[in-house]
Amino acid sequence: EAGLACMAVEFASAANDILADPKRRRAFDSVDPTFDDTVPPVSSASRESFYDVFGDVFEENVRWSVKQPVPRLGGATSSLKEVEDFYSFWYNFESWREFSYLDENNAQSAESREERRWLEKLNKTARQKRKREEATRLRSLVDNAYACDPRVRQFKEAEKAEKLARKRAREEAGRLEALAREKERQKRLEEERLVREREEEEARVQAAQAKKEKEAMKKALRRERKTFRAACKAHG
């Protein structure tokens, strides 16, 4: 019992030392055994219950963020900007989580400087590996959420519909412009046709008048010749 009591005191002392040192406290909190590292998969169930599936997971991971406050997942009524801000933040998530508490090699117990450096190098490599795995986990979380988020699909569909509407509007405007140009061309052709017909009619009238005048002159000349011959005959 005395031995157990001594061990309990030692554990309590060690725990107090960790809690009193912010750096060691952060190292300890980083490997909280109650934290669930699970990332929801991309599945029909994740899509159907998106907010329930991903909401709590993101809330759990908020604790690791260097930057505060952290945008929340939101709901079905979130605006496009809110959704974009959320994913922008999480795709650029900066985590303070580190894994020195899981070091397997006690560099302080090394018998030489070289051994201590070697053990520190092994620990550093292991920490970096866990840090990369943590970054991959977080990226997978955001990727999977983005793939299942019904708002993303809705915004994409709305954007697609808007682009299609703009395209159709441009096409309709082009069609109307082409019709207007064709109408203007037909109007110009009609005006030109009317001008030609008027000029042709005027030319026909002038030609007819000239012909009439010419015939009248011929008749007058024939009469004068006839009168002249008659006069000549009368005077022998």
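It should be emphasised that the depicted structure is a prediction, and the values quoted were computed from it without experimental measurement.

## Some words on the overall build of the chain
And step 1. Of regular secondary structure, the chain possesses seven helices and zero strands.
And step 2. Against the compact-globule benchmark of 18 Å for 236 residues, the chain has a radius of gyration of 49 Å, which places it well outside the compact range.
And step 3. Counting only C-alpha atoms, the chain reaches 185 × 45 × 30 Å along its principal axes.
And step 4. Looking at the chain as a whole, 19% of its 236 residues qualify as buried.
And step 5. A separation of at least 24 residues holds for 72% of the contacts in the chain among residues at least 6 apart in sequence.
And step 6. Surface exposure of the chain reaches about 18,100 Å², of which carbon and sulfur atoms provide 54%.
And step 7. Where the 52 positive side-chain charges of the chain centre and where its 47 negative ones centre are 17 Å apart.

## With respect to the packing of aromatic side chains
Two aromatic rings are characterised by how far apart their centres lie and by the angle between their planes.
And step 1. Applying the stated criterion to the full structure yields 14 aromatic pairs.
And step 2. Linked through ring pairs, F58, F86, Y87, F89, W90, Y91, F93 and Y146 together constitute an aromatic cluster.
And step 3. When the ring centre of W64 is taken as origin, the NZ or CZ atom of R97, which lies over that ring, is 4.4 Å away.

## Details of helix α7 (residues 150-234)
An α-helix turns once every 3.6 residues. As a result, residues three or four positions apart point the same way.
And step 1. For α7, spanning 85 residues, the distance from its first C-alpha to its last is 124 Å, which sits close to the expected 126 Å at 1.5 Å a residue.
And step 2. On its buried face, α7 sits against α4 (50-61), α5 (80-91) and α6 (113-148).

## Brief notes about the pattern of salt bridges
And step 1. If you walk through the whole model with that rule in mind, you get 22 salt bridges.
And step 2. The shortest N-O distance in the salt bridge between R25 and D29 comes to 2.9 Å. In this pair, R25 and D29 are both assigned in helix α2 (residues 22-30), four residues apart and thus about one turn of the helix distant.
And step 3. For the salt bridge of R151 with D149, the shortest nitrogen-to-oxygen distance reads 2.8 Å.
And step 4. For R151, a relative accessible area of 1% translates into the label buried.
And step 5. Taking relative accessible area as the criterion, D149 reaches 0% and is therefore assigned buried.
And step 6. When salt bridges that share partners are traced, they join D37, R97, E134 and R137 into one network.

## Some details on the packing of α4 against α6
Geometrically, a packed helix pair is captured by the angle between its two axes and the distance between the axes.
And step 1. Viewed as axis vectors pointing N to C, α4 and α6 meet at an angle of 155 degrees, and their least axial separation amounts to 11 Å. Judged on the interaxial angle alone, α6 and α4 are roughly antiparallel. Judged by the twist between their axes, the crossing of α4 over α6 is left-handed. Along the contact surface, α4 presents F50, F54, V57, F58 and N61, while α6 presents R137, L138, L141, V142, N144, A145 and C148.
And step 2. Broken down by class, the residue content of the contact of α4 with α6 amounts to nine nonpolar, two polar and one charged.

Cut-offs used in this document
Residues numbered from 1 in each chain as written. Predicted model: local features only at pLDDT ≥ 70, side-chain atom pairs only at ≥ 80, totals over all residues. Heavy atoms only, no water. Helix = DSSP H or I, 4+ residues; strand = E, 2+ residues; numbered from the N terminus. Rg over C-alpha atoms; globule rule 2.2 N^0.38 Å. Buried < 20%, exposed > 50% of the residue type's maximum accessible area, 1.4 Å probe, protein only. Contact = heavy atoms within 4.5 Å. Areas by Shrake-Rupley, 256 points an atom, 1.4 Å probe, with all protein chains shown as cover. Lys, Arg positive; Asp, Glu negative; His and termini not counted. Charge placed at Lys NZ, Arg CZ, Asp CG, Glu CD. Phe/Tyr/Trp six-rings, centres within 6.5 Å; stacked < 30°, edge-to-face > 60°. Lys NZ or Arg CZ within 6 Å of the ring centre and 35° of its normal. Expected span 1.5 Å × (residues − 1). Salt bridge = Lys/Arg side-chain N within 4 Å of Asp/Glu carboxyl O. Axes fitted to C-alpha atoms, helices over the stretch in contact; angles between N-to-C directions. Parallel < 35°, antiparallel > 145°, perpendicular 65-115°, else oblique. Left-handed = near helix turned anticlockwise from the far one by under 90°. Nonpolar A, V, L, I, M, F, W, Y, C, P; charged D, E, K, R; others polar.

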